[in-house]
Each structure stands twice: as C-alpha cells, then as structure tokens.
Amino acid sequence: RGGGGRCEGTYFDDVRVTRARSEDYVMSLRRGTRDVLGHVDMHAVAGLAGVLVGNVQAPEDDSVKTLISTDNGNEWRPIHPPKNSKECVARSKGWVTKTGHACSLQLQGGHKNKGVPTKWEARQHREVERRWGPVLSSATAVGVMLAVGNVGERLRSRDGELSTFVSRDGGESWAVVGEGSSQYDVGDQGTLILSARNRVPTSDVRFSVDGGVSFRECSFTSSSSSLEVADILSDPATSSSNFIMHGARKGSSSSSSAVYSFDFSMMLDRNCADADMAGDSGSDFEVWRPSSKSGTGCELGRQVDFLRRKPSARCLVGPKKLPTTLERNCECRESDYECDFCYERLGEAEAAARNQTVGACSYVCQGEEHAVPEDCRGTYLRSRGYRIIEGDTCQGGLEMGPRRFECPLKRSIAASNPQGGGVSWGDTARGIDFSAIAMWGLYASGGLVLLW
C-alpha cells in the first residue's frame, strides 16, 4: 500500500497488487480503509477466484463506501442492494436514494477465516470482529456470504442503523437476515447457517436449513437470562451440522460465561444422494455457475460450474468433497486485462475518487514510455499498457499484451582518411528487419563506413 492518510480515526491507503514473485506493483484500490493496527478492510471471497470486497474513503466527504471486484481488483463497482430495499430505488443508471444520490449496500470490515487461523488472523479476529459481525465466506460453502452493514449512500456505525445480510451468489445479490449486527457461521457445506445478535443481549437465534434462502427464529433460553453473544462456531471444514455459541449470560445480579450447542441433524435426517446427476429432478444437487459482468459466464478467463445442494432438499451433504467442473477456458476479452506496471486508468476526478474505470491505461511513471533497455540484446518487450490479470486463463481472442521488438542496430566501423578525417554513422531505426542487408557502403569525406 502507499499514499496513506487519516481522517477522524479512519486510516486509508492506496492498495496496490503484484503478481507472484514480482516487484511490479500496480494500482488496485484508491483510499482503501484500515484500522490503526494495519488491518485493511478487504476480503477475498473464499472459493471464488478473483472476487474481492473492500471499503474506501470518498475524498469529497470522507464517507466510507463498499465496493466489489470480480476480477482480482482490476475494476470495482458498488454492491447492489437487496431488491426489496426501502432505502434504494432502481433507475436506468443504477440504484439511487429517494433524494437522488447513489445508493448501494455498505458492509463493515473484518474477516472470519475458516480453518486454523494464523497469528495475524487471530489478532485480526480479536481486534476487528469483536465490534461487528465479519464478512464471512468459505471455500467449502461456495457462493454463501454473510456480512453486517446498511443500505444507503455511506457506511453507518451504529447498531440501530445496521442489519445482517446474506448472499448465495458470491456477493452479486443480497437479502436481509435481520436487524442489527450479528455473529454467525455456516455448516454442512453452506446448507446450514446459524446467526444471533451480538451487540445487545439476546435469547433468540436465527437459522437457515436451505443455504440462506429463508430464515427462522427460535428461543434458546428465557429472556431473563439472555446472552451477550461473543461468537458462533462450526467446524473449520464447514462440513458439520453442529454449532457452538458462547458469550456472557446476564442475570439479575451477576454475569457468567455460557456455551450453547446446536445440532441440526434431527431436522435433516438423511444423507444427500445423486451428486453425479446434479441438475436432474431426482438429484439432491444443482449446478451453479457464477455470473459475470460480460454476461458470458466467463470470469478470469474461464467458466467454472459448482455443485451444491438444492435449497429444497432436506438432507445432509456431510464431509464428502463435491467436485467442481472446469467447463472451458474462454477467449480473451478486454475485461481479462489490467493496467501494466507504470500504467493507470485515468479519467474524470469523480470516477477516480470512486475507483471506477474510465478510459484506457495511461503511462504515469517518469522517463520515456517506450525506452529501449540499455543492455538490450536481440529482442525486447514493449508494453502496450496492459497485461493479463493474475490468475486469468483466457486463450486466444483479443491480444493486448506486450509486443516483442528487435533491439536497435547501433554498430559502425569508420575508416579514417589519410588526412585524419573520419565519419561515424549509426542507424537507430526500430522494428526494421535488417537480415536482407548484406553490406552498405557510404563514402563521405574520403572515408568508408561499413554497417551490418
């Protein structure tokens, strides 16, 4: 990151990305927000390559807004609000508030990483997610996401202004789970979800047995001994039907820690079957293909189909590994390219402030854009301002990558004339094929110059 600053307790930095084993960083997200410990409000959606969710601080009013990218941070856009949102109205140019301002879904930062956490992730969990429910995704529950936020022009920071949201398609569309901030987790490869309020004492939980399509609410204790929920956990592999919820129980005179266990196996009393017939009416499984901005189903240069349980099937997936099928690599399109090192997408100030792509990739570094390497031998690559996005597997189609050129010819031998005069002459033309030239003689001032 670079170019950071601070405004009213919110820190922000420009986020740059690089390829593996490369030092050529390119701009990805301007004014990305972070906390004082350095935790950046950016979440890589597990199981879906290239899908990122990040928060930025708008320079015009210092408000925090949430953006989503489906191509590894090459292009960003606001998150579509739930279709039944009362705060936003659909217009031809997008969602707007009742007062005509841009309207989208804003999400609180923080992450909940499934699996054994590293020291950094554990510290991040303690410091960031204690306040609000985190952005949650899992590689074994592909497409399912949970987060806390609000619908409107900017991100809010009071529990009464926030709600809990769920997505079943990797952040493309969202629905409301309930009011207020919550803790939550997913089980049985995304078919089970358990959620409970975490900013106020509660005696109720919300749960889903159809992967987030619908939620039900039930009481786990009496209102007089409600729980201040600290966290909800399922197994790291997201394959169990059991959940554990822990927190502080508030009584009439004192408080104590409490742990509750939830088991959904009684509600789903059979194992799912016929995964190899996914999509068939007799199978418990369906085939899901993530949508793409191009409408072709191609993202990062390929189409990928995922198997998951049908929402209507009342069965347990269990620990079995569901296969993913790589349908095919797609032809390269403009959306498969990002700006190369020393290039950025430049446009109107408002577009830059909102991290929206306007115009082509333009050269921004000092020095000559197409300078020939000083140690050039044989051939060299000249950038056209674009490179294939890291992880993109497209083949054929549009070619926008670097071009190969022959190194300039700069050899000369000068024969001095008897009077001591001599001539030196060199050719610096580029891209010219000199293989057909055997010898060229030039007489000047009584001297002979040979070039080859």
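Presented here is a report on the structure given in the accompanying data block. No experiment lies behind these values; they were computed from the predicted model shown.

Tallying secondary structure elements over the chain gives 2 helices and 34 strands in all. The 452 residues of the chain split such that 45% are buried. Considering only residue pairs separated by 6 or more positions, the chain has 53% of its internal contacts joining residues 24 or more positions apart. Entry remark: accessible area of the chain is about 23600 Å², with carbon and sulfur atoms responsible for 49%.

This model, assessed by the stated rule, comprises 7 disulfides. With a sulfur-sulfur separation of 2.1 Å, cysteine 272 is cross-linked through a disulfide to cysteine 315. One disulfide, between cysteine 272 and cysteine 315, carries an S-S torsion of 95° and so falls in the right-handed class. Placement of cysteine 272 in the loop between strand E22 (255–263) and strand E23 (285–288) and of cysteine 315 in the loop between strand E24 (302–309) and strand E25 (324–329) is noted, with a sequence separation of 43 residues between them. The class for cysteine 272 is buried, based on a relative accessible area of 4%. There is a disulfide in this structure between cysteine 332 and cysteine 394, and the S-S distance comes to 2.1 Å. The sign of the S-S torsion, about 90°, decides the handedness of the disulfide formed by cysteine 332 and cysteine 394: right-handed. In this pair, cysteine 332 sits in the loop between E25 and strand E26 (337–339) while cysteine 394 sits in the loop between strand E30 (386–388) and strand E31 (403–406), placing the two residues 62 residues apart along the sequence. Just as cysteine 332 is buried, cysteine 394 falls in that class too.

Strands sit in the order E20-E21-E22 across an open sheet of 3 strands; the sheet is antiparallel. Each edge of the open sheet is held by one strand with a lone partner, namely strand E20 (227–233) and E22. For this sheet the average axis-to-axis angle between neighbouring strands, irrespective of direction, equals 20°. Across 9 bridges, strand E21 (residues 242–250) lies against E22 in antiparallel orientation. Among the inter-strand pairings, glycine 247 is bridged to a residue of E22, identified as alanine 258.

Looking at the element boundaries, isoleucine 79 is found in the loop between strand E7 (77–78) and strand E8 (88–91). Sequence-wise, isoleucine 79 and tryptophan 95 are 16 residues apart; in three dimensions their C-alpha atoms are separated by 9.9 Å. Beyond its immediate stretch of four places on either side in the chain, isoleucine 79 contacts Val53, Thr66, Leu67, Ile68, Ser104, Leu105, Leu107, Gly171 and Trp174.

Another aspect to go through is the side chain of threonine 33. By the secondary structure assignment, threonine 33 is in strand E3 (residues 26–34). Among the polar contacts listed, one links the side chain of threonine 33 to the side chain of aspartate 41, at a separation of 2.8 Å.

As a further point, take the sheet that holds strand E17 (residues 192–197). Strand order across the open sheet formed by 4 strands is E16-E17-E18-E19, with antiparallel pairing between neighbours. The open sheet has two edge strands, strand E16 (182–187) and strand E19 (216–219), and neither has a second partner. Strand after strand, the sheet turns through a mean of 25° between neighbouring axes, direction not considered. Both E16 and E17 contribute to a ladder of 6 bridges, which runs antiparallel. For glycine 187, the partnering residue across the bridge sits in E17 and is leucine 192.

Turning to the environment of alanine 90, a few remarks are in order. Among the structural elements, alanine 90 can be located in strand E8. Using a relative accessible area of 48% as the deciding quantity, one classes alanine 90 as partly exposed. Between the C-alpha atom of alanine 90 and that of histidine 80, which follows or precedes it by 10 residues, the distance is 10.0 Å.

What counts and what doesn't
- Residues numbered from 1 in each chain as written.
- Predicted model: local features only at pLDDT ≥ 70, side-chain atom pairs only at ≥ 80, totals over all residues.
- Heavy atoms only, no water.
- Helix = DSSP H or I, 4+ residues; strand = E, 2+ residues; numbered from the N terminus.
- Buried < 20%, exposed > 50% of the residue type's maximum accessible area, 1.4 Å probe, protein only.
- Contact = heavy atoms within 4.5 Å.
- Areas by Shrake-Rupley, 256 points an atom, 1.4 Å probe, with all protein chains shown as cover.
- Disulfide = S-S within 2.5 Å.
- Pairing = 2+ DSSP bridges.
- Axes fitted to C-alpha atoms, helices over the stretch in contact; angles between N-to-C directions.
- Polar contact = N/O pair within 3.5 Å; in protein donor to acceptor, adjacent residues only side chain to side chain.

By themselves, these observations are geometric and do not establish any function.
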